[in-house]
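Coordinate analysis (summary)
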Amino acid sequence: MNKPIEVSASILAADFSQLARDIKRCEDAGVGRFHIDCMDGHFVPNLTIGPVIVEAMRKHTPLILEAHLMIEHPGHYIESYAKAGADIIQLQVECYGERLPSSRLWNQWPKGIEKVDTLSLRADLKKIRHLGKKAFVVFNPTTPLCEDILNDCDGVLIMSVNPGFAGQKFMPEVLPKLKRLKEIFKGDIAIDGGINAQTAPLAVTAGAHVLITASYLFGSDQFSDVIKSLKSLA
Ligand code: DX5
Ligand code: ZN
């Protein structure tokens, strides 16, 4: 049986001067989680959210907070995001192992990897679980799945845009990764980037049941209609 759809609101497109109000609007509309895009200006070209914002959000919602760490050396920050109140911590696999020659310089994006260093990734996933949190791995659009580490995570997030910004176009070439995951993985299968009324059905059919959305949701003046239609795809 298909799992129910969960919508995760990516606050990257929220009004940061009215974050508590936007959190409430999302809750009232039936959002199940909040997705927090943490970017360091090195792993991705953009610079966004640190643990202080997670801590502030924690005071305003009982819903699941997921911290998507698009930062170099994410292992050093696991504890601070966990302490700040994140329930799920999402690690990009491209931070574990040697970079592809095309993304070795600090300003070359998206970051890619030659081969995942499963030992150090596994150690960080363990660290997350020891802190009582759920551990996810994230794959950039051109990064192949690393199936060896699936037993060590609670969820997998497939990027359907190159990470860095909201409002980009969905990359359908990632759909086979979702299909494969659905065959072999029992945990959460999430998709992030360019989700809207046209692309969400493709992602769900391929195997995703956690839909992350920033601009589609926050660009609408009818949050509950957006959530309802996404959830009806189950
Ligand atoms: C991209 C972020 C996404 C982004 C999604 O780097 O990881 O979570 O906020 O934005 P939309 O839904 O607008 O593509
Ligand atoms: Zn994200």
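This text goes with the structure placed above it.
Summarised in this report is the structure supplied together with it. (Residues numbered from 1 in each chain as written. Chains lettered and ligands numbered in written order. Predicted model: local features only at pLDDT ≥ 70, side-chain atom pairs only at ≥ 80, totals over all residues. Heavy atoms only, no water.)

**Considering the sheet that holds strand E4 (residues 88-92)**
Convention followed: In this scheme, strands are said to pair when DSSP sees at least two bridges between them. Put simply, DSSP H or I for four residues or longer makes a helix, DSSP E for two residues or longer makes a strand, and each gets a number counted from the N terminus. Axis definition: a line fitted to C-alpha atoms, over the contacting stretch in the case of helices. Angles run 0 to 180 degrees between N-to-C directions. We call two residues in contact whenever any of their non-hydrogen atoms come within 4.5 Å of each other.
Around the barrel, which closes on itself, the 8 strands sit in the order E1-E2-E3-E4-E5-E6-E7-E8 with parallel pairing between neighbours. Ignoring strand direction, the axes of neighbouring strands in this sheet form an average angle of 25°. Pairing of strand E3 (residues 64-70) with E4 involves 4 bridges; the strand directions are parallel. What sits directly across from Ala67, in E4, is Ile89. Strands in contact with helix H4 (residues 118-130) are E4 and strand E5 (134-139); relative to E5, the strand with the most contacts, it is inclined by about 145°. Together, E5, strand E6 (155-159) and strand E7 (188-192) form the strand contacts of helix H5 (residues 175-184), whose direction differs from that of E7 by roughly 170°.

**So, the site of ligand 1**
Under the convention used in this document: Residues are classed as near a molecule or strand on a simple rule: at least one heavy atom within 4 Å of it. A 3.5 Å cut-off defines polar contacts: any pair of N or O atoms within that distance qualifies, except that in protein one atom must be a possible hydrogen donor and the other a possible acceptor, and neighbouring residues in sequence count only when both atoms are side-chain atoms. Throughout, the Shrake-Rupley method with a 1.4 Å probe supplies accessible areas, and for residues the shown protein chains are the sole cover considered. Residue polarity is assigned by list, with Asp, Glu, Lys and Arg as charged and Ala, Val, Leu, Ile, Met, Phe, Trp, Tyr, Cys and Pro as nonpolar; anything else, Gly included, falls into the polar class.
Not every one of the 19 residues close to ligand 1 is listed here, only the nearest: Gly164, Gly167, Asp192, Gly194 and Ser215. The side chain of His35 places a nitrogen or oxygen atom 3.3 Å from an oxygen atom of ligand 1. At 2.8 Å, a backbone N or O of Ala214 approaches an oxygen atom of ligand 1. With the chains in place, 99% of the 380 Å² that ligand 1 exposes on its own is no longer accessible. Put simply, the parts of the chain that give the shell around ligand 1 at least two residues each are strand E2 (33-39) and E3. A per-element tally of the shell around ligand 1 places E2 first, with 3 residues. Looking at the shell around ligand 1 residue by residue, the classes come out as 8 nonpolar, 9 polar and 2 charged.

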